[in-house]
Amino acid sequence: MVQNEESVSGNDAPVYLPDKPARGVANGKYRMVGWEIDTTGRRLIDEICQIAAYTPKSQFSQYIMPYADINPPYVRKHALRVVNAGRYRMLRDIKNNTFIKTKSEISALTDFLQWLEENRGDATDGIILIYHENRKAAPGMLLEALRRYELLNRFNNVVKGFANGYEISSSKCGNTTKAFTLRMMAKILLGYEGNDFTSAKERAKSTYEIAIHLAQGEKQDLDSKACGDSTGLEPHLIEFICPFTNPIIAEEEEIIELKDLLKIQNTFRPVFRDLLSGTRLERKHASHLRRLLAENNINYDKLKEAYETEAKEGLDKILKSEVANAEEKDLTELLEILDCFFDPEKKPVQPKVRFYPNQNNNRKQPRQRRNSNRQKNKKTSEPMSPNISSDNPTDSVSDASPRSEIKEPEVITLVA
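Residues numbered from 1 in each chain as written. Predicted model: local features only at pLDDT ≥ 70, side-chain atom pairs only at ≥ 80, totals over all residues. Heavy atoms only, no water.

When you go through the protein chain residue by residue, the secondary structure sums to 15 helices and nine strands. Summarising the internal contacts of the protein chain: among those between residues at least 6 apart in sequence, 69% fall at separations of at least 24. Surface accessibility of the protein chain: about 25,400 Å² in total, with carbon and sulfur atoms responsible for 48%. (Helix = DSSP H or I, 4+ residues; strand = E, 2+ residues; numbered from the N terminus. Contact = heavy atoms within 4.5 Å. Areas by Shrake-Rupley, 256 points an atom, 1.4 Å probe, with all protein chains shown as cover.)

Our focus in this paragraph is the environment of Glu-257. Structurally, the position occupied by Glu-257 is in helix H10 (residues 248–266). C-alpha of Glu-257 to C-alpha of Glu-295: the two residues are 38 residues apart in sequence and 9.9 Å apart in space. Among the polar contacts made by the side chain of Glu-257, one reaches the side chain of Lys-20 at a distance of 2.8 Å. (Polar contact = N/O pair within 3.5 Å; in protein donor to acceptor, adjacent residues only side chain to side chain.)

The next point concerns the pattern of salt bridges. Enumeration over the complete set of coordinates arrives at 22 salt bridges. A salt bridge links Lys-136 to Glu-254; the shortest N-O distance between them is 2.7 Å. With a gap of 118 residues between them, Lys-136 in the loop between strand E7 (127–131) and helix H4 (138–148) and Glu-254 in helix H10 connect regions that are remote in the sequence. The same class applies to Lys-136 as to Glu-254, namely buried. The network of salt bridges with shared partners includes Glu-144, Arg-147, Glu-252 and Lys-259. (Salt bridge = Lys/Arg side-chain N within 4 Å of Asp/Glu carboxyl O. Buried < 20%, exposed > 50% of the residue type's maximum accessible area, 1.4 Å probe, protein only.)

To continue, consider the confidence of the model for the protein chain. Averaged over all residues, the pLDDT of the protein chain equals 82, while 77% of them reach at least 70. Taken together, the stretch residues 222–226 has pLDDT below 50 and engages in two contacts with residues farther than four places along the chain or on a different chain. For residues 411–416, every residue scores under 50 in pLDDT, and the model assigns this stretch zero contacts once sequence neighbours within four places are set aside. (pLDDT = per-residue confidence, 0-100.)

Right, let's talk about the sheet that holds E7 for a bit. Adjacent strands of a sheet form backbone hydrogen bonds with each other and so pair up, either parallel or antiparallel. Spatially, the six strands line up as an open sheet ordered E3-E2-E1-E7-E8-E9, and their pairing is mixed. With partners counted over all chains shown, the strands left at the sheet margins are strand E3 (59–63) and strand E9 (245–247), one partner each. Recorded for the sheet is a direction-independent mean angle of 25° between the axes of neighbouring strands. The pairing of strand E8 (residues 159–164) with E9 spans three bridges and is classified as antiparallel. Across the sheet, Phe-162 pairs through a bridge with Asn-246, a residue of E9. H4 rests against strand E1 (31–39), strand E2 (48–54), E7 and E8 of the sheet, and its axis sits at about 85° to E1. (Pairing = 2+ DSSP bridges. Axes fitted to C-alpha atoms, helices over the stretch in contact; angles between N-to-C directions.)

All right, on to the environment of Ile-255 then. By the secondary structure assignment, Ile-255 is in helix H10. Put simply, Ile-255 and Leu-143 are 112 residues apart on the chain and 9.0 Å apart in space, counted from C-alpha to C-alpha.

To continue, consider the sheet that holds strand E4 (residues 80–85). If you walk across this open sheet you meet the three strands as E4-E5-E6, and the pairing is antiparallel. Each edge of the sheet is formed by a strand with only one pairing partner; in this case those strands are E4 and strand E6 (98–100). Averaged over all neighbouring strand pairs, the angle between strand axes comes to 50°, with direction disregarded. As defined by bridge partners, strand E5 (residues 88–93) adjoins E6 across three bridges and the pair is classed as antiparallel. The residue of E6 that forms the bridge with Leu-91 is Ile-100.

Turning our eyes to something else, we now look at helix H14 (residues 328–342). Spanning 15 residues, H14 covers 21 Å between terminal C-alpha atoms, matching the ideal 21 Å at 1.5 Å per step. At its buried positions, H14 is contacted by helix H11 (269–272), helix H12 (280–295) and helix H13 (300–322). (Expected span 1.5 Å × (residues − 1).)

In terms of burial, E7 is largely enclosed, as five of its five residues are buried. Residues Ile-127, Leu-129 and Tyr-131 line one face of E7 and the alternating positions Ile-128 and Ile-130 line the opposite face, and both faces are buried. Of the strand pairs in this sheet, E1 and E7 are connected by four bridges, and their pairing is parallel. What sits directly across from Arg-31, in E7, is Ile-127. For E7 and E8, the ladder comprises five bridges, and the chain directions are parallel. Directly across from Leu-129, in E8, lies its bridge partner Phe-162.

Core analysis: the largest hydrophobic core is formed by 31 residues, its most contacted members being Phe-268, Phe-272, Leu-293, Leu-303, Leu-319 and Val-323. Counting only elements with at least two residues in this core, the list comes to H10, H11, H12, H13 and H14. If you tally residues by element for this core, the top one is H13, at seven residues. Sequence-distant contacts of Leu-293, defined by excluding residues within four places in its chain, comprise Phe-268, Phe-272, Ile-298, Leu-303, Leu-319, Val-323 and Leu-334. Ala-53, Leu-109, Phe-155 and Ile-255 belong to the second-largest nonpolar core, a separate cluster that totals 30 residues. (Core = buried A, V, L, I, M, F, W, Y, C linked by side-chain atoms within 4.5 Å.)

In total, this model carries 14 aromatic pairs according to the counting rule given. Seen from their ring centres, Tyr-131 and Phe-162 are 6.4 Å apart, and the 80° between their planes marks the pair as edge-to-face. With a gap of 31 residues between them, Tyr-131 in strand E7 and Phe-162 in strand E8 connect regions that are remote in the sequence. Arranged with centres 5.7 Å apart and planes meeting at 35°, the rings of Tyr-300 and Phe-342 form a pair that is tilted. Here Tyr-300 is found in helix H13, whereas its partner Phe-342 is found in helix H14, with 42 residues between them in sequence. (Phe/Tyr/Trp six-rings, centres within 6.5 Å; stacked < 30°, edge-to-face > 60°.)

This is the structure we're talking about:
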């Protein structure tokens, strides 16, 4: 089933799932699996380029050929690029400059489900997928991809939920470090330095090892052992991960909430159209202001009606009474943007003009061609053509030369 793009496309800025703590699941027989994906973007309509999963006994990795091109920021992030070669489209690794063997999205997702079913083992209660993201987006994108091909029911039969390694790291390492990215956690906990995390396969492996390391640290009586000896079925690991696991039902509810939020945000397209075409920081700030209105269930029609009845005072009343999670400067800026948009006599707020200092001074002047001394001597030695008119004062040659201006020394004779 293809989702309605109008309700989820919004704008070019990525929209993440609501930042809510995991609900947790009851303790049971689960298997822990490290899992990561590479995508063309971070919207719900974006596609998966690579899906990978890791356990010490078995690994899964498959590249997917997307229908759309990869967004430039994610080309650099994943080191992947879509290349059009005539009638064919291929996926290329920009680091090795080699083409990658890919499958269609439905084939890759089917293989992934089959791999999960084969590696479930004794986990009668299902599998918990562990990923690592600062802003949660991967679970929703995977569930939407599975829904497009009617594979969601099969996925629910084998997977219990998702656990975010970033949330686990921030909870357990908050007193020792301030950055909880995958690269930082791998460097501090695992001793990895200079590892390449562009591939989802490498990130899935490191995510699993970090979870194992933190779970072993909670048990003082356990001997330190390598992650390769873990099977993902250890009771202490399950007990450690279950409170940070968000079940599939909770993820589905957050997706529905996100789609409703996007519908409200899309009503403000005319208001923020110019600001969303500015620089990256201006687009980020405009998206933040628009999200404040959507999170408080304020749509375009409500603000338009308030302006028609009470003008600017009506807008100010709604913003101050219903937008409780905004700072004072954000409310002031929102009031100015909305008032300038609804008032036909005022000019809408525009993004700042980019100005680079010394822009005109740094422009290189065109270099003038200088004649060499040989060319100068050649020109002066050439006789004047008889066809040259003497009426032109610039073409005439003066008979007085610099040598003629020098006076010869006077000869003094001495008389005896």
